[in-house]
Structure formats: C-alpha cells, structure tokens
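Summary of the model geometry
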Amino acid sequence: MIHRESGLLKTSYQADMALYPLPIARWAVAAIAALAFLVVPLLLSDYYLSILNLVSVAIVGALGLNILVGYTGQVSIGHGAFMSVGAYTAANLATRLDAPFWISLPIGGLMAAAVGAVVGIPSLRIKGLYLAIATLAGQLIIEWTINHVTWISGGVQASIEVPRPRLFGMVISTQRQMYFFLLVFVVLAIVGVMNLMRTRVGRAFIAIRDQDIAAEIIGINIFRYKLLAFAISSFYAGVTGVLYTYYLGIANYEQFQITTSIDYLAMIIIGGLGSVLGSVLGAIFVTMLPIFLRITMETFGGLFFSSGAMLNIIPNLRLIVFGLLIIVFLVVEPEGLNRLWRNIRSYFRVWPFAY
Amino acid sequence: MFDWQFAALLLSNGILIGLMYSLIALGFVLVYKATDAINFAQGEFVMIAGFVVAVAITAYGAPLWLAVLVGLAGMIGFGFGLERVMLRKLIGRPVIAVVMATIGLAAILRGFGPMVWGAGTKSLALPIPEEPIILGPLFIPPIQLLGAAVSLLFLAACSWFFLRSRRGIAMRAVADNQQVAMAMGIDVERYFGLAWAMTGIVSALGGIVWGNLLGVDVQLSLVGLKVFPVVILGGLDSIPGAIVGGLIVGIVENMAAGYIDPYVGGGTKDFAPYVLMIIALMVRPYGIFGKAIIERI
Amino acid sequence: MRATLALLAAAALALGAVAPAAAAEIVIGAQCDRTGPTQTVGTNLCPGFNDYIKLVNMKGGVNGNTIRADEVDNEYKVPPAVESYERYKKEGAVTVSVYGTPQIYALTQKLTEDRIPGTSPGFGKAAAADGTKYPYIFPIAATYWSQAAAAVKYAKDQMGGSMKGKKIAYIFYDNPAGREPFPVLEELQKLEGFEMRTFAVPPPGVEMGAQVLDIAQRYRADFVISHLFGRSPSVAIKELKRVGYPLKKVVGFVWGAAEADVEAAGGYGVAEGYSALQFAGVGEDYPVIKEIKEMYKKEGKPEPKEMKESVYYNRGVFLAAIHVEAIRNALKAKPDGKITGVDAKAGFEKIKNFTLGGLVPPIEITPTDHEGGGLVQVWQVSGGKWVKRTDWFRAYPEVVGKVIKEAK
C-alpha cells in the first residue's frame with residue numbers, strides 16, 4: 001500500500017530511465033540526503049563525526065572493490081596496495097608541486113588505475129584462486145616498492161605529511177568540514193557506480209562474471225573489459241587512499257597492507273557482492289564493528305570478567321567476532337546484508353497482504 | 001671471485017628451510033586435492049597445533065611424547081570437526097566463498113589462541129642440540145634437519161597411502177570425480193573429513209617443528225603466507241609438487257638474500273618467490289606437477 | 001507509538017545519566033596494544049602503566065585530583081588509533097600516550113592542531129625531538145637516532161676505542177622505523193671510519209637465515225648492531241648462535257632488549273653475551289617498583305606477573321610517571337585544576353632532573369628538546385640474567401643534533 005508500483009505512467013524516455021523511477025524511492029533518497037547533509041552534522045559531536053568520516057572513506061573503497069569482485073567476478077586481494085599508490089601519488093604531488101587537492105586527487109586515482117591495470121594483466125590467462133594469489137603477489141610487490149624506493153615514499157620513514165585541503169581559500173580541517181568534504185565524494189562514488197552498471201561497460205562486466213566464455217563468444221572483448229574493471233576499481237581505490245591521506249594528514253604505507261585488503265573483502269561479502277547498497281552497508285558494518293564491540297564489552301563485560309582480563313579479551317574477541325561474522329554470513333546469508341534488506345523491502349512491498 | 005663456500009651454505013640452508021615450507025604446504029595440498037577447498041588458514045592451523053603442544057609441555061608439565069600425542073589427537077579432532085561444522089555447508093559455492101570462509105577462520109584462530117593461552121611467546125623444547133652440526137663448510141642446525149626429515153617422511157607416508165591403501169585410493173577417487181565416487185558407494189563426506197584430519201596431522205607436525213624454530217605465539221601463523229608461492233609453483237593439488245615447490249622457494253629466497261639484497265638494499269628475500277610465482281602463473285599456471293583444468297562450456 | 005517514544009526518551013535519559021560525572025578527575029589517553037605484532041611488549045607495558053596510575057591515585061592523586069588513564073588497544077592499526085584519539089579528545093584528555101610508530105605518524109598533525117601533547121618513548125619520529133618543529137610531540141626517551149649513536153659508541157668501546165677499518169653489520173627490520181637510523185649511521189661512518197653493511201629482515205621477521213649466514217660467514221662482521229622488534233630479536237639471537245657468531249659482539253636497540261626476547265630465544269643460556277640498550281632500568285630493585293609491590297600486598301593480591309618482564313613493565317611505569325609529572329607541573333601553574341592540553345605541554349617542558357628513583361636517567365625536557373637527553377644504558381645477558389654494563393650515557397650529541405636539524 002505504501003509502496004505503490006502500479007499506476008505510474010511515464011511519458012518520456014528520460015523519465016523511464018531515471019535512477020529512481022518510483023516516487024517512494026525518490027522520497028527515501030531525499031530524506032536520506034537531508035539527514036546526511038543537514039541533520040547529522042548539526043546534531044552529532046566531533047567524535048561521532050570522526051567515526052562517520054572513517055566510514056565514508058571505507059564506503060568509497062568498498063564500492064571500488066565491489067566493481068571488480070562483485071560485478072566482474074575477479075577476486076582481488078590487492079585493494080590495499082592500489083589505495084597506497086593513490087595515496088602516495090597525491091602526497092608527492094601535494095608536497096613537491098604544491099598541487100591542490102582537486103588536482104592531486106584525480107591524478108592519484110589515475111595512477112592507481114594504471115597500476116591496477118598492470119596487476120590485472122594476468123587475468124587474461126588465469127582466473128579464480130590463481131588470480132587471487134596473483135593479486136596478493138601484486139599487493140606485496142607494490143608494498144615492497146613503496147617501502148624501498150625512497151623517491152616515491154619520501155624518505156626512509158615512508159611517510160609524507162600532506163597539508164590540509166583548501167577549498168576557495170578555506171582550510172578543511174575540523175571533523176565537521178571533513179565530513180562534508182568526504183560526503184561529496186561518497187555521493188559521487190555511489191552515483192558513479194550506479195550509472196556505470198547501467199552502461200554497456202557495466203553490462204559487459206556482469207556478463208564476464210556470469211559466463212565469461214559465452215560472453216567472449218558473443219563478441220565482448222573480455223580481456224579489455226577485465227583490464228577496464230581492474231582500472232576502474234583501482235581508480236576508486238586510489239581515490240580512497242587519497243581521501244584517507246587528506247583525512248589523516250599523512251600518507252603512511254602501513255595503513256594499506258594485506259589486512260586492509262582483507263577488511264575490504266569482508267565488507268563486500270558481508271554487505272553483498274554486486275550491489276551498491278551492499279557496499280555501503282558492508283562498509284558501515286565492518287568499520288563500526290570494533291567500536292560497537294568495545295562499547296558492548298565495556299557495558300556488559302564487567303559482569304563476567306575482571307577489568308584486567310577484559311583488556312586482554314576485548315581485542316582478541318574483536319578478531320574472533322570478525323571472523324565468525326564472515327563465516328556466518330557466508331553460510332547463512334551468502335548475499336549479505338543487501339539480501340536481508342531486500343527481504344525486508346519485499347515484505348513491505350505487498351504489505352498488508354501476504355503476497 | 002665466486003665464493004663457493006658461501007653459495008654452498010646458502011644452498012643447504014635453502015634446501016632445509018624449503019623442505020620445512022613444504023611441510024606446511026602439504027597440509028594445503030591435501031585439503032585442496034581431496035575437497036577442492038582452499039585453506040587460507042593453514043598458518044593458523046600450525047599455530048594452534050604449536051600452542052597445544054607447547055602449553056601441554058609448559059603449563060601441564062607433560063612429557064614430550066604425551067604432548068605430541070595430545071597435539072596430534074587435538075588437530076585430528078579439529079579437522080574432523082571443522083569439516084562437519086563449517087565446510088560441509090559451503091560445498092558447491094564459488095571460490096571466493098570458501099576463500100573468505102577460511103580467512104574468517106584464520107581470524108578466529110588468531111584471536112582464540114592468544115585469548116586462551118596468553119600472549120607471551122612459548123618455547124617448544126625438543127631434545128635436539130642447539131649447536132649446529134658442522135659438515136665441512138656447512139652449518140646445519142639440527143632443527144632444520146629434523147624438519148626436513150619429517151617433511152620427507154610424511155611425503156613417503158602420503159605416497160604409500162595414496163598409492164597402496166584402500167582409503168587412499170578412495171580419496172583419490174573422490175578428488176577426481178565426486179559424483180562417480182558416490183555412485184560407486186564411497187562415502188564422500190567421510191573422506192572429506194579424513195582429508196581435513198590429515199591436514200590436522202601435518203599441521204601438528206609443522207607446529208612442533210616450526211614452534212621449536214621460531215617459538216610459539218600468534219606470529220607463528222605468518223609462515224602460512226609462504227604457502228602460496230610453494231603451491232603455485234608446485235601445483236595446487238600435487239604432493240610431490242609441494243616438496244619441489246618448497247625447495248624452489250627456499251633456495252630462491254636464500255639466493256636472493258645472499259646475492260640480490262646487497263644491491264637493492266635488502267628485502268628481496270620475501271618477494272622474490274612472489275615474482276617467480278607471477279612468472280610461473282603466466283607461463284604455466286598449474287604448476288610443475290599440477291593437473292591442468294580444461295574448461296568446458 | 002506513545003509507548004515507544006516514552007521508552008526511547010527513558011533510554012536517552014539513562015544513557016545520559018551513565019556519563020561519568022567526574023569532578024576533580026584528569027584524563028590521560030593511554031593507547032596500549034596488547035594484541036597485534038607488538039603484543040609481547042604491550043601485555044607487559046600496559047599493566048606497568050596502569051599500576052603506576054593506581055599507585056598515584058592511592059596516594060591521593062596529584063594535588064587532590066585523581067588521574068584516569070583510559071587504556072585502549074588498537075591492534076597496532078591506524079584507524080582504531082584515530083578513533084580512540086577522537087574519543088580521548090571528547091573525554092577531555094590533557095595528554096595522550098601514543099603507542100606505535102605508524103600511529104604517532106598518523107596522529108602528529110591532529111595532536112598539533114588540537115594542542116594536546118602526545119608521547120612516543122623509544123619509537124616514532126626521531127625528528128620530533130625538535131620541540132620547535134613539533135611542539136606537541138614528545139619522544140621523552142632516546143629516539144632511534146640517539147639509540148644508533150649509543151650503539152655505535154658501545155661498539156667502539158668494545159672494540160678497543162677505534163673503529164677504523166672495522167666491519168659493522170646493521171641488521172634491521174625492513175620498515176620505516178628500522179630504516180630511520182640510516183642518516184645517523186652514515187654520519188658516524190664518515191666520522192669514525194668504519195665499514196658498514198646493512199641487512200634487511202623483511203616483516204614478519206621470523207626468517208633471517210640467509211642474512212645471518214652472510215653476516216657471520218661471508219661478510220664476517222666485527223660487530224653487529226641490531227634494530228629489530230616483535231619476534232625478530234629472539235629469532236636473531238637464535239640464528240646468530242646457530243651459525244656460531246659470538247653474541248657478545250651483538251648489541252640490540254631498545255625493543256630487542258627484554259626478558260621475553262631472551263626467553264623466546266631459548267633462555268639465558270642460549271643468549272649469553274647478548275647486549276642491548278635500555279631507556280629504563282631493568283629488574284625490580286627500584287623504589288617505585290617496591291612501592292607498587294607494597295600496594296598489591298596491602299590489597300591482599302599477589303604482585304602482577306608482568307613485573308617479571310621488568311624491561312617492558314618498568315617502561316610502562318616510567319611512561320605513566322612522566323605523564324603524571326607533566327600534569328603535576330601543569331597543576332602547579334594552574335592550581336584550580338582546570339588544565340588543558342596546552343598547560344600539559346608546558347608541564348612537559350618544565351620537566352627537569354626526573355629520575356624516578358634511579359629507574360630512568362635524569363631527564364630534562366625543554367621547549368626545544370623534547371627528547372629529554374637521549375640517554376641509554378647497556379645491559380648484557382650474563383650468568384643467567386640481565387646485568388648492567390654501563391651507566392646512563394649519551395653518544396655523539398653533535399651528530400644527532402645535526403641530523404635533527406637537517407630533517408625535514
């Protein structure tokens with residue numbers, strides 16, 4: 001009853017092809033946008049905004065990885081390395097050439113895209129687990145390169161401090177300003193992926209994931225599209241790296257190691273492979289899990305354990321819960337949070353009727 | 001002026017360490033061969049096994065033979081249990097599902113170990129001398145010799161098992177074609193369990209040997225990362241391939257550290273095997289001994 | 001509908017009420033990782049930190065104010081460190097004890113912008129010793145540059161006072177922290193005329209057979225300077241012993257210097273002769289440690305087992321003590337108790353002659369020198385335990401000073 005899908009007539013191609021053809025969808029998106037842009041920054045304190053900022057960066061990264069793994073079916077464990085390529089490129093541009101962020105960010109992304117395409121070359125010959133391991137090798141090699149080539153990494157420390165981004169003369173440094181800054185990119189990233197998947201390129205990706213040999217037969221040049229998938233996904237990763245660098249004020253390669261790649265894989269698996277909403281939900285979930293766990297343990301853990309023992313347990317528990325959640329989602333709901341959301345939605349679609 | 005002595009040293013070190021890598025890779029190969037499952041948690045298995053044995057010795061004062069038995073029994077039980085509880089539900093799912101499941105398992109084990117047994121490093125004392133055995137110009141640490149010997153012994157045992165024993169032949173049948181094996185009356189699920197149990201055994205052996213070499217704590221699980229170059233080079237489903245792959249990785253690592261490191265400022269040792277692996281992936285993806293998979297539409 | 005609203009309102013009120021109403025309480029942000037690659041350090045250092053704070057509070061706090069140290073474990077990762085830092089800011093922390101080199105790098109800009117002083121003893125950015133360039137970062141203990149200089153001096157003394165033409169092997173963990181000493185080592189190489197070769201041990205640092213073989217058999221170093229962390233120091237000791245290299249020609253930096261490293265290497269018998277730098281005392285023979293033991297005895301509890309790992313435990317005590325001292329100085333300037341990060345920073349810079357009963361060298365922090373002198377001691381494994389070999393000393397201050405000035 002609430003969710004009316006029938007009786008809506010379109011009179012132009014544009015209206016028919018809109019991203020959100022249903023009025024209820026449009027209202028929902030408007031409400032969320034209002035919440036995100038107006039309500040949240042006014043209500044929440046700096047601390048909560050900082051968490052949201054970390055979540056925003058994660059969303060962009062998860063979207064990128066989902067393009068490659070969820071939509072094109074190529075398993076990649078190299079996401080962290082692409083992020084670091086973007087981060088260091090931007091950091092070098094910012095410090096050596098005094099480039100403002102609106103130059104260093106796209107160039108960082110493009111550099112990461114180029115490297116991503118190179119790492120994706122093996123995908124011509126191998127797939128599945130072998131490709132995953134090849135990307136793992138790519139991750140390690142890129143890490144080593146950044147660690148050792150001081151021209152890239154800015155010295156023995158392998159850390160480059162970047163100045164805060166400036167927009168129209170205003171320095172973006174507080175959490176609130178960062179929040180808006182990052183939110184813009186999150187919106188761009190989401191809209192980008194949604195539109196990408198509606199184009200010919202996106203459909204080619206999905207075809208490769210589903211039946212790559214059949215796709216080749218009907219004329220899709222799978223090598224070219226696989227490389228493109230790697231490139232676009234790495235572009236997103238590079239942008240994530242740059243955003244993260246600007247948020248922290250420093251590019252440090254230790255933030256972009258294998259654990260990061262695995263974290264992002266967990267995000268998209270828990271969230272749902274091959275869906276935009278899944279990437280967002282997964283990113284939020286995985287980023288906030290340790291915080292949530294800590295709060296729970298601090299509130300209730302005192303009942304069971306002494307404080308000394310708790311300090312020892314909490315971080316280990318976090319690892320255990322993380323792993324357990326991955327397995328539970330894989331076994332019980334392989335399509336992730338996205339599927340859970342869709343189930344809820346389809347229930348309300350026909351409510352109050354049963355079917 | 002080529003320093004033959006040094007080269008010989010590096011070579012011997014490489015061979016011995018390589019065989020120890022093979023021990024861990026064997027666990028991976030066993031599972032993949034029998035069940036098509038990719039175990040990203042191999043290093044963590046070794047770590048847990050090491051913990052069990054070390055804690056049995058230090059905290060409970062058990063004599064070595066008892067601790068080893070406890071470790072073996074524990075890991076066998078763990079293997080069976082794991083297959084039953086988790087992996088059975090993931091049969092038939094795409095590659096990434098099993099991979100992520102084992103990654104999740106690895107995280108669980110990495111948190112479980114230190115939580116239950118404490119974060120300190122435990123030593124796993126074995127009744128072998130600490131001093132190296134000196135054979136001419138070669139320095140051979142006894143623990144590496146033990147590890148290599150265990151590795152080769154296990155290889156021999158596996159070969160006998162797969163070639164001669166009924167159970168082994170049944171497992172090969174299951175690995176080859178599950179449907180037909182089921183049609184012939186082989187209980188596929190039980191053999192899956194057996195495969196994981198065998199991985200448990202070899203992990204226990206690996207845990208004992210590596211635990212003595214490095215000390216037992218959560219970092220022990222990092223040896224698991226070495227598995228990948230070894231099995232890619234040797235072939236994911238080949239047991240002799242694991243041995244050969246291990247040898248290659250061990251030798252390449254040591255040669256790189258000895259001869260390339262001084263020119264590039266160090267660190268090549270870790271990623272030289274990965275570069276080799278990428279080349280192998282481009283040229284011969286299934287490894288030296290692996291079985292080529294032919295895709296049909 | 002009304003019931004739900006009422007319930008939500010009640011919940012909100014309850015949550016609000018739970019927020020601590022801390023009257024005279026001063027908050028220190030204590031980041032301390034008991035898990036992750038440095039867990040052997042954290043599991044012993046963090047209890048030391050907490051025990052000292054407990055001791056101070058038991059004695060009535062600082063000028064009547066209780067100190068609250070909020071310990072958080074970041075698993076040596078950066079995003080949780082940033083999040084916990086923001087949380088400390090929210091709670092009104094006046095100082096933050098940062099744990100981990102990548103973490104202090106990530107937080108440097110934030111600490112400076114938010115004007116909250118952060119400490120990074122024995123790790124972190126060595127250039128932060130310069131208080132004018134990094135006003136809110138306090139190494140408060142020998143940085144890797146000072147440690148490198150001290151190691152070279154010790155090596156020189158052990159080799160009879162001259163290093164000309166001798167071969168030094170520098171084995172290090174292949175990450176930025178491990179490579180940080182290079183500028184100092186290169187300067188000293190020019191100054192003292194020794195030959196040096198570096199041997200990188202890639203993370204995780206558990207396998208270094210080839211490097212050790214090279215040091216012992218091919219390069220045949222006269223002395224080994226080792227800068228390793230986590231598991232690698234103990235592995236290095238074992239490996240060097242295995243190839244027959246005399247451990248008395250090896251000196252390690254401060255994070256390869258603990259009882260845990262010796263035990264993991266196989267015991268004191270195996271590690272005999274191995275020396276290492278310390279920036280805090282070793283063992284339990286210090287007044288403040290005895291006081292903590294008394295405190296536990298009064299509570300009827302056994303003393304914490306982490307005390308046995310005295311190297312890290314004592315460092316935790318020292319770390320807490322120097323934070324308390326800074327707060328004490330800040331309160332002297334502002335007796336009303338309402339101090340902020342800026343006051344705490346000034347408090348740090350007033351620290352003079354701080355020895356904590358001999359546990360640490362006399363530390364003096366000034367607005368230009370946030371390192372406090374860079375003094376270390378050398379302890380050696382001898383006869384089944386750690387034995388003090390030298391007194392507190394600082395080496396080549398001009399060289400270190402020059403490198404600090406030239407740092408970007």
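Residues numbered from 1 in each chain as written. Chains lettered and ligands numbered in written order. Predicted model: local features only at pLDDT ≥ 70, side-chain atom pairs only at ≥ 80, totals over all residues.

Here the focus is the overall build of chain A. The helix and strand tally for chain A stands at 15 helices and 4 strands. Computed over the C-alpha atoms, the radius of gyration of chain A is 21 Å, within 12% of the 20 Å expected from 2.2 N^0.38 for a compact globule of 355 residues. By its C-alpha atoms, chain A is 65 × 60 × 45 Å across when sized along the principal axes. When the 355 residues of chain A are sorted by exposure, 49% land in the buried category. (Helix = DSSP H or I, 4+ residues; strand = E, 2+ residues; numbered from the N terminus. Rg over C-alpha atoms; globule rule 2.2 N^0.38 Å. Buried ≥ 20, exposed ≤ 12 C-beta atoms within 10 Å, placed from the backbone.)

Secondary structure assignment for chain B yields 11 helices and 2 strands. Along its sequence from the N terminus, chain B presents helices and strands in the succession α-α-α-α-β-β-α-α-α-α-α-α-α. On C-alpha atoms alone, chain B measures out to a radius of gyration of 19 Å, which is about the 19 Å that the 2.2 N^0.38 rule sets for 297 residues. Projecting the C-alpha coordinates of chain B onto the three principal axes gives extents of approximately 65 × 50 × 35 Å. Scored against the burial criterion, the 297 residues of chain B give a buried share of 57%. A fraction of 76% describes how many contacts in chain B between residues 6 or more apart in sequence connect residues 24 or more apart. (Contact = placed C-beta atoms within 7 Å.)

Interface size is commonly expressed as the accessible surface area that is lost when the partners come together. In this assembly, 30 residues from chain B lie in contact with 33 residues from chain C. Residue classes in the side of chain B that touches chain C are distributed as 13 nonpolar, 11 polar and 6 charged. (Nonpolar A, V, L, I, M, F, W, Y, C, P; charged D, E, K, R; others polar.)

Here we take up the environment of A:Leu281. Residues and elements named next belong to chain A. Within the secondary structure layout, Leu 281 lies in helix α13 (residues 276–300). Look at Leu 281 and you get buried, because 23 C-beta atoms sit within 10 Å. Separated by 271 residues in sequence, Leu 281 and Lys 10 place their C-alpha atoms 31 Å apart. The residues contacting Leu 281, other than those within four sequence positions of it, are Gly 271, Leu 337 and Asn 338.

Turning our eyes to something else, we now look at the pairing of strand β6 (residues 167–173) of chain C. All names here are of chain C. Counted residue by residue, β6 has 6 buried out of 7 residues, so it is predominantly covered. Inspection of the sheet shows β6 paired to strand β7 (residues 195–201) by 7 bridges, in the parallel sense. Bridging from a neighbouring strand, Ile 171 pairs with Phe 199 of β7. (Pairing = 2+ DSSP bridges.)

Listed as interface residues are 37 residues of chain B and, on the opposing side, 34 residues of chain A. Mapped onto the side of chain B that touches chain A, the elements with two or more residues apiece are α4 (95–117), α9 (227–234) and α11 (268–283) of chain B. A breakdown of the residues in the side of chain B that touches chain A according to their chemical character gives 29 nonpolar, 4 polar and 4 charged.

Quick look at the packing of helix α12 (residues 258–271) of chain A against helix α15 (residues 336–349) of chain A now. Residue and element names in this part refer to chain A. Running from N to C, α12 and α15 cross one another at 20°; their axes reach a closest spacing of 3 Å. The angle between α12 and α15 falls in the class roughly parallel. Residues Ile 269, Ile 270 and Gly 271 of α12 form the contact with α15, whose participating residues are Gly 336, Leu 337 and Asn 338. For the contact of α12 with α15, the per-class residue count stands at 3 nonpolar, 3 polar and no charged. (Axes fitted to C-alpha atoms, helices over the stretch in contact; angles between N-to-C directions. Parallel < 35°, antiparallel > 145°, perpendicular 65-115°, else oblique.)

In this section: the sheet that holds strand β4 (residues 118–119) of chain C. All names here are of chain C. With respect to topology, 5 strands assemble into an open sheet ordered β2-β1-β3-β4-β5, the strand pairing being parallel. Every other strand in the sheet has two partners, leaving β2 (66–72) and β5 (137–138) as the edge strands with one partner each. Of the strand pairs in this sheet, strand β1 (residues 25–31) and β2 are connected by 7 bridges, and their pairing is parallel. Opposite Glu 25, over in β2, you have Thr 66 as the bridge partner. In this fold helix α2 (residues 39–58) packs onto β1 and β2, with an angle of close to 165° to the strand it touches most, β2.

Here we take up the confidence of the model for chain B. Any region with low pLDDT has predicted coordinates that should not be read closely. Mean pLDDT over chain B works out to 83, with 95% of the residues at or above the 70 mark. Across the whole predicted complex the pTM is 0.84, and at the interface the ipTM reaches 0.83. (pLDDT = per-residue confidence, 0-100.)

Here α15(A) spans 20 Å end to end across 14 residues, near enough to the 20 Å set by a 1.5 Å rise per residue. Along α15(A), the residues that are buried comprise A:Gly336, A:Leu337 and A:Asn338. (Expected span 1.5 Å × (residues − 1).)

We now examine unusual backbone geometry. Located in the positive-phi region is A:Asp98, a residue other than glycine, with phi close to 55°. Its location among the elements puts A:Asp98 in the loop between α4 (79–96) and α5 (101–119). Positioned with a positive phi, C:Ile140 is a non-glycine residue whose angle comes to about 45°. In this fold, C:Ile140 is placed in the loop between β5 and α5 (144–158).

Take the packing of α4(A) against helix α6 (residues 129–148) of chain A next. Residues and elements named next belong to chain A. At their nearest, the axes of α4 and α6 sit 8 Å apart, and the two run at 30° to each other. What the angle tells us is that α4 and α6 run roughly parallel. In this structure, the crossing between α4 and α6 has a hand that is left-handed. When α4 is examined against α6, the residues Gly 80, Ala 81, Ser 84, Val 85 and Tyr 88 are found in contact with a partner set consisting of Gly 138, Gln 139, Ile 142, Glu 143 and Ile 146. Of the residues assigned to the contact of α4 with α6, the class counts are 5 nonpolar, 4 polar and 1 charged. (Left-handed = near helix turned anticlockwise from the far one by under 90°.)

It is worth spelling out the pairing of strand β11 (residues 377–382) of chain C at this point. Residues and elements named next belong to chain C. Of all 6 residues making up β11, 5 are buried, and the element is well covered by its neighbours. As judged from the 4 bridges shared by strand β10 (residues 275–278) and β11, these two strands associate in the antiparallel manner. The partner of Ser 275 across the bridge, within β11, is Gln 380. Count of turn residues in the β11/strand β12 (residues 385–388) antiparallel hairpin: 2 residues, of which Gly 383 carries a positive phi of about 60°.

Here the focus is the environment of C:His323. Residue and element names in this part refer to chain C. Residue placement: His 323 occurs in helix α12 (residues 310–333). Residue classification places His 323 among the buried residues on the basis of 31 C-beta atoms within 10 Å. If sequence neighbours within four positions are ignored, His 323 has contacts with Ile 28, Thr 95 and Ser 97.

Here we take up helix α9 (residues 200–210) of chain A. Residue and element names in this part refer to chain A. Burial in α9 covers these residues: Gly 202, Ala 204, Phe 205 and Ile 208. End-on view of α9: buried residues confined to an arc of 160°, all on one side of the axis. Among the exposed residues of α9, those pointing more than 90 degrees away from its buried face are Arg 200 and Asp 210. Packing partners of the buried residues in α9 comprise α3 (46–71), α8 (175–196), α10 (212–217) and α11 (222–248). (Arc of directions from axis to C-beta.)

Mapped onto the elements of the fold, C:Asn314 is located in helix α12. Each C-alpha atom, one on C:Asn314 and one on C:Tyr52, is 9.7 Å from the other, the two residues being 262 residues apart in sequence.

Right, let's get into the sheet that holds strand β8 (residues 223–227) of chain C. Residue and element names in this part refer to chain C. If you trace the 7 strands from one edge of the open sheet to the other, you get β7-β6-β8-β9-β10-β11-β12, paired in mixed fashion. Two strands bound the open sheet, and with one partner strand each, they are β7 and β12. Averaged over all pairs of adjacent strands, the angle between their axes in this sheet comes to 25°, without regard to strand direction.

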